[in-house]
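# Structure at a glance
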Amino acid sequence: MTEWFLFLPQVRLEIGDIVERARIAEAAGFDGIAFIDHLEAPGATHQGIWEAMTTATWVAAHTERLRIGHLVLCDAFRHPAVLAKQAVTLSTASDGRFELGLGSGSWPQEFFRFGVDGGDDAAARVDRLERDLALLREHWGEGERGQVPAPAHKIPLVIGGTGRRTMGLVRRYADWWNIPSHQLDRLPDLLPTVGAARASMQQMVGFVGRGIDRAAVTERSSRLFGHLGSGLVCGDAAELTEHFAGLAAQGIERFYVWFADFAAPQTISEFAETVMHTGQKGTT
C-alpha cells in the first residue's frame, strides 16, 4: 500500500497554521508529515523558519495518528548523543510515531553564516554522517555508550541521495531511501541495491482542484518552483492519480507531497479525497 506524507517546510507559516494543516492532513488520511531542518530558509533567507525538532514535537502533541519526521535533519546541527536522546524522547511521547530522517547538510551557506563546521567540505560532512549513524545505533543499544531509557519503539531511519557513499549508508542503516525526483532515471539501477530499505520520493504538486483555473495554477507553480524541473508536476486529480500510479509501479512506496500553494487546507483535503484514496483503491 502506498504511503502519503505531507511535506510541509515550516516557512511562511505561523505555528498555528502548521498545526492546522497537520490536523487536516491527519483527518484526510495522510500517513505522516515531514518538515525541513535549516537555520535559514534555503533560497529565501528573508523568510522566517521554525526549528525542526521543536516543530515536530509540537505537531506530535497536537495529533493522534500522524507519523512525524523530517526530510531531513542536518547531522551537523546536533551532537549524536543529544540527537539520540531527542529521538527516543519524541518517539516515546508520540507512542512510536517519530521517524528520524538524517542527512549531511544541503545548504553550505548556513554553515558559514552560523559558524557550523564543515560547510566547505562535503566529504567531511558525509564522514561525520557515517560516524554519527553508527553512534546512534550504539546509543540506542546496550554497552558502554547505550543510553537510558532505550527506545521503546523502533525509530525508522530515512536517508536520501544517490551518491556511492550515501548508498552504502542506506544499505547499512536505512528503513527508507529517498531518491531525488530529478534522478528517477537511476531508480531501476539503484533500487535493487538498497537492501531492506523501501523507496520514497518528494514531489512538488501544483494541484488543479475543482473549479480552479488550470492556467493560473500552472503559471504560479512554475514561477515559484519551476527550478525543480521534474520535481514539479501540475495537473488535476485524474492526471495526478495516473502520475503517482506510474511512480508506484516503478517501486516508489512513499510520496512526500509538497503543495505549490503552501498546502492550503482545501488542497490537502481534496487531494486526499480524489488522488490518494482513488489511487489506493485502484491498486488493491
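Here the residue numbering is sequential within each chain, running from 1 through the sequence in written order. Two thresholds apply to this predicted model, a pLDDT of at least 70 for residue-level local features and 80 or more for giving and counting side-chain atom pairs, whereas whole-chain, interface and lining totals are computed over all residues. For side-chain calculations, the full set of non-hydrogen atoms in the structure is used, while hydrogens and water are omitted.

- An unreviewed UniProt entry annotates the protein as Luciferase-like domain-containing protein originating from Mycolicibacterium smegmatis.

## Thoughts on the side chain of Gln147
- Of note, Gln147 is situated in the loop between helix H5 (122-139) and strand E6 (157-160).
- The definition of a polar contact used here is a pair of N or O atoms within 3.5 Å, where within protein one atom must be able to donate a hydrogen and the other to accept one, and adjacent residues in sequence count solely through side-chain atom pairs. In this structure the side chain of Gln147 is engaged in a polar contact, spanning 3.5 Å, whose partner is the backbone nitrogen of Lys85.
- Note on contacts: a residue pair is in contact if any heavy atoms of the two residues lie within 4.5 Å. Not counting chain neighbours up to four residues away, the residues in contact with Gln147 comprise Ala81, Ala84, Lys85, His139 and Gly141. Numbered from the N terminus, helices here are DSSP runs of H or I no shorter than four residues, and strands are runs of E no shorter than two.

## A look at the UniProt feature "domain: Luciferase-like" (unreviewed entry) in the protein
- UniProt positions are given in the numbering used here, feature names are shortened, and annotations may be inferred rather than shown by experiment. UniProt feature "domain: Luciferase-like" (unreviewed entry): in the numbering of this structure it lies at residues 14-199.
- Between the end C-alpha atoms of residues 14-199 there is a gap of 31 Å, over a span that is 41% helix and 12% strand.

## Quick notes on the nonpolar core
- We call a set of buried residues a nonpolar core when its members are Ala, Val, Leu, Ile, Met, Phe, Trp, Tyr or Cys and they connect through side-chain atoms within 4.5 Å of each other. With a 1.4 Å probe rolled over the protein chains alone, any residue whose accessible area is under 20% of its type maximum counts as buried; one over 50% counts as exposed, and the rest are partly exposed. Core analysis: the biggest nonpolar cluster contains 66 residues, and Phe30, Trp177 and Phe271 have the highest contact counts within it.
- If near-sequence neighbours (up to four positions away) are discounted, Phe271 is found in contact with Trp4, Phe30, Val205, Phe207, Leu240, Phe244, Val257, Phe259 and Met276.

## A closer look at the environment of Gly231
- Relative to the assigned elements, Gly231 resides in the loop between helix H8 (214-225) and strand E9 (232-235).
- On a C-alpha basis, the gap between Gly231 and Gln202 in space is 7.5 Å, while along the polypeptide they are 29 residues apart.
- For Gly231, the contacting residues outside a window of four places in its chain are Ser181, Gln203 and Met204.

## Things to note about the packing of aromatic side chains
- Here the aromatic set is Phe, Tyr and Trp, taking the six-membered ring for Trp, and pairing holds for ring centres within 6.5 Å; pairs whose planes are under 30 degrees apart are stacked, those over 60 apart are edge-to-face, and all others are tilted. Applying the stated rule across the entire model yields 13 aromatic pairs.
- Ring centres of Phe30 and Phe271 lie 6.5 Å apart, and the angle between their planes is 25°; this geometry places the pair in the stacked category. Separated by 241 residues along the polypeptide, Phe30 in the loop between helix H1 (15-28) and strand E2 (32-35) and Phe271 in helix H10 (residues 265-283) bring together distant segments of the chain. Take Phe30 and Phe271: they sit in the same class, and that class is buried.

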